[in-house]
Each structure stands twice: as C-alpha cells, then as structure tokens.
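Fold and geometry: a report
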Amino acid sequence: MKAWFIDCTPELARLFDSGAAPVPPGVRIHRGDPDDGAILAMARDAEVLMVEHTVIPDAVLTQAPTLRAIVFMGTGAGTYVNAALARARGVPVLTTPGYGSVAVAEHAFALMMAGARQVARMDRDIRAGVWQPRGGMQLAGRKVAVLGMGGIGQAFAERCAAFGMRVAGWNRSPLDHPLFCADLDQALHGAEVVSLHLALTEATRGFLDSARLALPAPGFLLVNTARSQLIDPAALIAALDSGQAGHLATDVFDAEPLSPDDPLPGRQDVTLTAHAAYMTRDAYLELWRRTCAQFEAVRES
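This text gives an overview of the structure that appears in the document. A quick note: this is a predicted structure, and the numbers were derived from the prediction, not measured.

**Some words on the environment of valine 55**
- Mapped onto the elements of the fold, valine 55 is located in the loop between strand E3 (48–51) and helix H3 (58–63).
- Along the backbone, valine 55 and glycine 78 are 23 residues apart, and their C-alpha atoms lie at a distance of 9.6 Å.

Okay, structure coming up:
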C-alpha cells in the first residue's frame, strides 16, 4: 500500500533524518506545505494521505479514485477535511487523539503562569529598555475552572491541583473523576482562572459568550489551548475592555498566522503563542507512532 505524508514539518523531518522516527515501507514524505495541485497529485498516487496541518481541497475526495483513507495527525479533523463529503465518498478520516495530552497540558500551565505573573509583558518592557517590575496573581489557593475534561483537560487539572489550586473540572458528559463538577455555572462562578479544553463542534462554537464570561471573578485569567472559536470574539473583547477578563493567554486564533487587523497583538493584557502547545519531541514521536498505527490498520483492512 502506498501513502503520502503530504506536509512534513521541520520538527518531524529532523526525527526522520535522525532515525528516531522510522518510516514504514510504502510511505513517502513531502516536506513543506503543498499547494492544492500537489495535494491532488499525491492523492491520485496513493491510497492513504497523512495530513499534519493542511486543509484538504474537496477535489481530493472527488478526483482521487484510489484514495482509501485520510489520516489526520491530531484531532479536530473537521477543520481541515470536508467530513460530510468524505463520508459520502466512502473515505474514512482517521485521527490520532491523545498523542500530545501532556505537552498541551504543560503549555496551558505555562500560559497560565506567564499570564498570572505578566512574564511576557515584562520581557517586552525590558527588551524595549523599560525597567518596570509588575505584580501578579499568586495561583496557590485560587479557583480554576477547567472546561473539558478529556485527556488534556484532566492532565491540566491534575497539575493545577498539585500546585495547590482549587479545581472545578466540567465536562459535557459526566465523569467519574475527583475533580469533576457537574454544573457548568457552578464551575465558572468565582473562578480566577478559566482554561479551555473542549473540542470545537457546532454545539461548542461560541461556547464562552457574554453571559458565561460574566460568571468568573472580575479580572480572571482566561487560558485557551483548544480552539479560538470556542469564545465569542465580540464578547471576549468586551470582557477584556471592561476588565471582567483581566488577561487572555492563548495559543489559538481564528486565522493562523494572525491577520493584520487582529486586535490581540496590540493589547497589553494578552499573552500569545503560535499554536505550539503540542510541539515537543516526545509528542511528535508519539504522533508519528499513532499515525503509522492508523496506516497499518488501513493496510490490514
């Protein structure tokens, strides 16, 4: 069986070149970002496409008759592949959940720490020649609402608990977990930190609206390593402008890279990272292992 990994990143390329991540027979590697024509050409020359971060044009699903499956390297494949069309064409879209749970949870924790102590702002100040010590929030004893208690949310919640925070972990379906809180409003009420770990679906799009953003404590810290579309954008800016949200620390955005008119980079009450939460060597190795396992499953089916 032949496959193309269509958009190999430099991080994964280094693992291939070093021999740390073996490439199965039949799998070919395209390094860098292909255009739509190149994607279609690869799809016509393969039974499986492995996709790390590239949007798949609909033509791949309608004009590549040998294509048997798409392996999306991560979760949230619906952002990158037309799921309805894939189902209609009989092309399963497989995912690799769980590979980066620890990496993303640690990044969310780093964002929380940076936002709580204004680390990025002081770094910018010093580089600009401004010496201005700035106070911040001590996290021990603070209430944190963790919205979404899948693998990442649970890993983040457990780290917060170990740090001495009071954790209210809410999930859309009930969980048997000591940090689980069944009532969303109760989880949010009075929280001094809110961290998002929900999947993006039509039910969760705009999940944090103005009403829910009003429930945490005034000046709360909002952390997002999930999807930007979970938050109503107008409600977010209004909450930051009013001080109800004291700080946003986010790794995800509506447009990536950011559009020139995005309001966030011009604000002092935000900490921004470039959708890098999952990017550790350990996570990449696990991602490739799970991707290869999905490829083998298709080969054997």
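On we go from here.
**Observations regarding the sheet that holds strand E4 (residues 69–72)**
- With respect to topology, five strands assemble into an open sheet ordered E2-E1-E3-E4-E5, the strand pairing being parallel. Looking at strand neighbours, the two that pair on one side only are strand E2 (27–31) and strand E5 (93–94), the edges of this open sheet.
- Where E4 lies against E5, two bridges are found, and the strand directions are parallel. Residue pairing for E5: isoleucine 70 is matched across the bridge by valine 93.
- Against the sheet, helix H2 (residues 36–43) contacts strand E1 (3–8), E2 and E3, and its axis sits at roughly 160° relative to E1.
- Lying on the sheet, helix H11 (residues 281–300) is in contact with E1, E2, E3, E4 and E5; it crosses E3 at an angle near 165°.

**A look at the nonpolar core**
- In terms of nonpolar packing, the biggest core is built from 29 residues, with Leu147, Val194 and Leu222 touching the most fellow members.
- Every element with two or more residues in this core is listed here: strand E6 (143–147), strand E7 (166–170), helix H8 (184–188), strand E8 (193–196), strand E9 (220–224), helix H10 (233–242) and strand E10 (245–250).
- Ranked by the residues each element gives to this core, the list is headed by H10, at four residues.
- Excluding residues within four positions of it along the chain, leucine 147 makes contact with Trp170, Leu184, Leu188, Val194, Ser195, Leu196, His197, Leu198, Phe207 and Leu208.
- The next biggest cluster of nonpolar side chains, apart from the first, holds 26 residues, and it includes Phe5, Met73, Tyr284 and Phe295.

**Quick look at the packing of helix H5 (residues 101–116) against helix H7 (residues 151–162)**
- Following both chains from N to C, one finds H5 and H7 inclined at 50°, their axes separated by 8 Å at the closest point. Here H5 is positioned oblique relative to H7, judged by the angle of their axes. Note that H5 runs across H7; the crossing there is right-handed. Contact with H5, carried on its side by Ser101, Val102, Val104, Ala105, Glu106, Ala108, Phe109 and Met112, involves Gly151, Ile152, Ala155, Phe156, Arg159 and Cys160 of H7 and no other residues of that element.
- The residue inventory of the contact of H5 with H7, partitioned by class, reads ten nonpolar, two polar and two charged.

**Some details on the pattern of salt bridges**
- Taken as a whole, this structure holds 13 salt bridges when the rule is applied.
- A salt bridge links glutamate 192 to arginine 142; the shortest N-O distance between them is 2.8 Å. Here the residue glutamate 192 occupies a position in the loop between H8 and E8, and arginine 142 occupies one in the loop between helix H6 (119–127) and E6, the gap between them amounting to 50 residues.
- Judged by relative accessible area, which is 29%, arginine 142 ranks as partly exposed.
- Residues arginine 166 and glutamate 192 are paired through a salt bridge, measuring 3.9 Å at the closest nitrogen-oxygen approach. Taken as a pair, arginine 166 in strand E7 and glutamate 192 in the loop between H8 and E8 lie far apart in primary sequence, 26 residues in all.
- Residue glutamate 192 is classed as buried on the basis of its relative accessible area, which comes to 17%.
- Where salt bridges share partners, they join Lys2, Arg28 and Asp45 into one cluster.

**Observations regarding the environment of proline 216**
- Mapped onto the elements, proline 216 comes out in the loop between helix H9 (210–213) and E9.
- For proline 216, a relative accessible area of 5% translates into the label buried.
- Separated by 185 residues in the primary sequence, proline 216 and arginine 31 have C-alpha atoms spaced 45 Å apart.
- Excluding residues that lie within four positions of it along the chain, proline 216 makes contacts with Leu188, Gly190, Ala191, Val194 and Gln244.

**With respect to the pairing of E1**
- Burial of E1 is extensive: six of the six residues sit out of reach of the surface.
- Of the pairings in the sheet, the one linking E1 to E2 comprises four bridges and is parallel in character. Its bridge partner being in E2, phenylalanine 5 is matched across the sheet by isoleucine 29.
- Handedness of the E1-helix H1 (residues 10–18)-E2 crossover: right-handed.

What counts and how
- Residues numbered from 1 in each chain as written.
- Predicted model: local features only at pLDDT ≥ 70, side-chain atom pairs only at ≥ 80, totals over all residues.
- Heavy atoms only, no water.
- Helix = DSSP H or I, 4+ residues; strand = E, 2+ residues; numbered from the N terminus.
- Pairing = 2+ DSSP bridges.
- Contact = heavy atoms within 4.5 Å.
- Axes fitted to C-alpha atoms, helices over the stretch in contact; angles between N-to-C directions.
- Core = buried A, V, L, I, M, F, W, Y, C linked by side-chain atoms within 4.5 Å.
- Buried < 20%, exposed > 50% of the residue type's maximum accessible area, 1.4 Å probe, protein only.
- Parallel < 35°, antiparallel > 145°, perpendicular 65-115°, else oblique.
- Left-handed = near helix turned anticlockwise from the far one by under 90°.
- Nonpolar A, V, L, I, M, F, W, Y, C, P; charged D, E, K, R; others polar.
- Salt bridge = Lys/Arg side-chain N within 4 Å of Asp/Glu carboxyl O.
- Right-handed = clockwise from strand over helix to strand, strands pointing away.

The values reported here are purely geometric and, on their own, carry no functional implication.
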